[in-house]
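Spelled out, the chains give:
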Amino acid sequence: MVEFKLRTKIIFLSVVALIGMSIFAFFNLKQSFDEYSISKGMKNASQLLASASSLVHEMQKERGSSSLFISESMSESDLNDFRRKSDFKIEEFLKVVASSNLKEEQKKTVQEDIEKIKPLRIDVDKKIPVTECIPRYAEIIRSILKIEGAVASLKTTRGVGKLFVNISILEEAKENAGRLRASLSSILAKNQAVDVELLGKVVMLKSGVDSNLGSPALSISEKSKEQLKLLLSSENAQKVNDIFYKVISKSNSGNFSEDPVLFFKTISSFIDGINQIINDEVLSINVQLDSILADTQRSFITVSGISGLFILIVLIIAIKISTSIARIISRLNSETKSIIKAAK
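These numbers come from a predicted model, not from an experiment.

Which parts of the structure should I look at to understand the packing of aromatic side chains?
Aromatic rings in a pair are described by how distant their centres are and how their planes are angled relative to each other. A full pass over the atoms with the stated rule returns two aromatic pairs. Each ring, one from Phe-82 and one from Phe-264, has its centre 6.2 Å from the other, and the planes form 85°; the classification is edge-to-face. Separated by 182 residues along the polypeptide, Phe-82 in helix 2 (residues 76-98) and Phe-264 in helix 10 (residues 260-343) bring together distant segments of the chain. Residue Phe-82 shares its accessibility class with Phe-264, and that shared class is buried.

Okay, structure coming up:
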């Protein structure tokens, strides 16, 4: 009876130790697995971000070229070249969206918004007013940018979330610059007085470019900071500023005496500079994410192995102790019985 009670106590203590170790191992495993899962999600998100950014860039150029086509400053053949580039990026983007972690509702919404490009192109061919063309392109582009915003709001680890936010700020600057390109190109092509409403939009867009590129919340790599500094002081940036202020000063009369196609190329070079910074930052994020993913994967495997080993060791020790004590008790019982028998 004593042997049974003692063995029961030993088994109970062993079970308590195993439960405690299992709980400890579970929480460590969960923490490690959660970080690994977040890392995988961030990697998927970065691929979506890169594809969305690439598509936005081509759509912005198509918007600007459409405004020139409507203003009869670009041929249909040249416009179609821009459209073909957009189509290639659309196909690529939709494939990435389909395999992404986005909710089905988000996937459906972005696909429906991108489909709006077809009737818009038909209307551009009919030469709808530029004031109608630009907002419709902006709506489609804004839908794609929302995906980038959704990426920036995803759960992240190791400070990557802030890097995604930087991309959003740069994309906002580029979108304002893209809309400014389309608006100013059209204004220069018409070469007429600019109404107050359109002038206000142009000023707002230019302000958006400057404020986003100079945002205190923008925290980019030293290499990108240097690129941005050089871009803002470049000849292209200065030329864009000069033409912007020229349009403002002569808005009442027109007669700007500026080549809209040349301006389009100049501001496009400036926008390409912003796009290059975005691409470099996305590449940097991907490199960092590859490192984080590999690190969290190793950590999860290591924690799994160590936790399993500890549980196994505790189990083996508990079994051995229980067996050893049982043998000792059995031997003591035998000796006790022998002594009692000899005494009789």
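Hey, could you run me through the packing of helix 2 against helix 3 (residues 104-115) in this one?
Geometrically, a packed helix pair is captured by the angle between its two axes and the distance between the axes. As a packed pair, helix 2 and helix 3 sit with axes 10 Å apart at the nearest point and diverge in direction by 170°. Classified by the angle their axes make, helix 2 and helix 3 are roughly antiparallel. Like other packed secondary-structure pairs, helix 2 and helix 3 cross with a definite hand, here left-handed. Side by side, helix 2 and helix 3 meet where Ile-90, Phe-93, Leu-94, Val-97 and Ala-98 of the first sit next to Lys-107, Val-110, Gln-111 and Ile-114 of the second.

Can you walk me through the side chain of Lys-61 in this structure?
The residue Lys-61 is located in helix 1 (residues 2-70) in this model. Using a relative accessible area of 15% as the deciding quantity, one classes Lys-61 as buried. If sequence neighbours within four positions are ignored, Lys-61 has contacts with Phe-82, Arg-181 and Phe-264.

Would you take a moment to explain the nonpolar core for this structure?
Grouped burial of nonpolar side chains is what soluble globular proteins tend to show. Core analysis: the biggest nonpolar cluster contains 39 residues, and Leu-184, Leu-213, Val-247 and Phe-270 have the highest contact counts within it. Of all the secondary-structure elements, those providing two or more residues to this core are helix 1, helix 6 (160-190), helix 7 (196-213), helix 8 (222-232), helix 9 (235-249) and helix 10. Once residues lying within four places of it in the same chain are set aside, the contact partners of Leu-213 are Leu-170, Ala-173, Leu-218, Leu-228, Leu-232, Phe-270 and Ile-274. Residues Ile-90, Ile-128, Ile-144 and Ile-147 belong to the second largest nonpolar core, which totals 28 residues.

What is the right way to read helix 8 from this model?
Considered for burial, the residues of helix 8 that qualify are Ser-224, Leu-228 and Leu-231. Burial along helix 8 is one-sided: seen end-on, the buried residues are contained in an arc of 60°. Across from the buried face of helix 8, at angles greater than 90 degrees, the exposed residues are Glu-222, Lys-223, Lys-229 and Leu-230.

Would you mind showing me how to read a nonpolar patch on the surface here?
A cluster of nonpolar side chains, namely Leu-309, Leu-312, Ile-313 and Ile-316, defines an oily patch on the protein surface of about 330 Å² accessible area. By the element assignment, Leu-309 lies in helix 10. Given a relative accessible area of 47%, Leu-309 falls into the partly exposed group.

I would appreciate a short explanation of the pattern of salt bridges in the present structure.
Opposite charge on two side chains permits pairing when their charged atoms draw close. Counting across every chain of the model gives 22 salt bridges. Of the charged contacts in the structure, one is a salt bridge between Lys-116 and Asp-113, with a shortest N-O distance of 3.2 Å. Given the relative accessible area of 15%, Asp-113 is considered buried. With a shortest N-O distance of 3.3 Å, Glu-115 and Lys-118 are connected by a salt bridge. A relative accessible area of 41% places Glu-115 in the partly exposed class. Among the ionic contacts, a cluster of salt bridges with common partners joins Glu-62, Asp-87 and Arg-121.

I would appreciate a short explanation of unusual backbone geometry in the present structure.
Of all residues except glycine, most have a negative phi; of all peptide bonds, most are trans. Despite not being glycine, Asn-255 shows a phi value in the positive range, around 55°. Examined against the element boundaries, Asn-255 turns out to sit in the loop between helix 9 and helix 10. You can call Asn-255 partly exposed: its relative accessible area is 49%. We note that Ser-257 has phi near 55°; this positive angle belongs to a residue other than glycine. Mapped onto the fold, Ser-257 is located in the loop between helix 9 and helix 10.

How each quantity is defined
Residues numbered from 1 in each chain as written. Predicted model: local features only at pLDDT ≥ 70, side-chain atom pairs only at ≥ 80, totals over all residues. Heavy atoms only, no water. Phe/Tyr/Trp six-rings, centres within 6.5 Å; stacked < 30°, edge-to-face > 60°. Helix = DSSP H or I, 4+ residues; strand = E, 2+ residues; numbered from the N terminus. Buried < 20%, exposed > 50% of the residue type's maximum accessible area, 1.4 Å probe, protein only. Axes fitted to C-alpha atoms, helices over the stretch in contact; angles between N-to-C directions. Parallel < 35°, antiparallel > 145°, perpendicular 65-115°, else oblique. Left-handed = near helix turned anticlockwise from the far one by under 90°. Contact = heavy atoms within 4.5 Å. Core = buried A, V, L, I, M, F, W, Y, C linked by side-chain atoms within 4.5 Å. Arc of directions from axis to C-beta. Patch = residues over 30% accessible without salt bridge, like charges linked within 9 Å, V, L, I, M, F, W, Y side chains within 5 Å. Areas by Shrake-Rupley, 256 points an atom, 1.4 Å probe, with all protein chains shown as cover. Salt bridge = Lys/Arg side-chain N within 4 Å of Asp/Glu carboxyl O.

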